[in-house]
Amino acid sequence: MSSQSGIVPSAEVVVQVHDFVASEGRALTLTIDASSLSVDVGATTKATADLDADLDAIASQQLSDVECQYLLLRYGNGGKLAFISYVPDTASVRYK
């Protein structure tokens, strides 16, 4: 997260992100607590052989219509990582 926003991950969050990167998980969900300006780690999704099915499961089980969330997503050969920002239109301006 950007230091300009005032949002800083805790040492615990940094460890959990490093653990995820070292694992074979599919996705790690992160949220921002607007009241404390801190990063919270949500669920870790295990990878299956089907990326599309994993994405469908993440969308239906973890994403909210009112809360911004961020995903570290593992895809492709070699375990490439993508950072995805999910900002629903109905999310509060404070969370955007």
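Check the entry above for the structure.
Residues numbered from 1 in each chain as written. Predicted model: local features only at pLDDT ≥ 70, side-chain atom pairs only at ≥ 80, totals over all residues. Heavy atoms only, no water.

## Thoughts on the environment of D65
Point 1. Residue position: D65 is located in the loop between α2 (51–61) and β3 (69–75).
Point 2. Taking the C-alpha atoms as reference, D65 lies 7.9 Å from D89; in sequence the two are 24 residues apart.
Point 3. When residues no more than four places from it in sequence are discounted, the contact partners of D65 are Y86, P88, T90 and A91. (Helix = DSSP H or I, 4+ residues; strand = E, 2+ residues; numbered from the N terminus. Contact = heavy atoms within 4.5 Å.)

## Description of the pattern of salt bridges
Point 1. Applying the stated criterion across every chain yields a total of 1 salt bridge.
Point 2. Of the charged contacts, one joins D54 and R26 as a salt bridge, the two residues approaching to 2.7 Å between their closest N and O atoms. Taken together, the positions of D54 in helix α2 and R26 in the loop between α1 (11–22) and β1 (27–33) put the pair 28 residues apart, joining distant regions of the chain. (Salt bridge = Lys/Arg side-chain N within 4 Å of Asp/Glu carboxyl O.)

## With respect to the side chain of Q62
Point 1. Along the chain, Q62 turns up in the loop between α2 and β3.
Point 2. Polar contacts involving the side chain of Q62 include one to the side chain of T45, which spans 2.8 Å.
Point 3. Each residue touching Q62, except ones within four places of it in the same chain, is listed here: T29, A43, T45, A57 and Q69. (Polar contact = N/O pair within 3.5 Å; in protein donor to acceptor, adjacent residues only side chain to side chain.)

## Overview of the sheet that holds strand β4 (residues 80–86)
Point 1. Pairing is antiparallel in the open sheet, where 4 strands are placed in the order β2-β1-β3-β4. The outermost strands of the open sheet, each flanked by one partner alone, are β2 (38–45) and β4. When the angles between neighbouring strand axes are averaged without regard to direction, this sheet yields 20°.
Point 2. In this sheet, β3 lies alongside β1 in antiparallel orientation, the contact comprising 4 bridges. Looking at β3, one finds that L30 is bridged to Y70.
Point 3. Its contacts with the sheet put α1 on β1, β2, β3 and β4, and the angle it makes with β1 is roughly 165°.
Point 4. Of the strands in this sheet, β1, β2 and β3 are in contact with α2, which crosses β3 at around 165°. (Pairing = 2+ DSSP bridges. Axes fitted to C-alpha atoms, helices over the stretch in contact; angles between N-to-C directions.)

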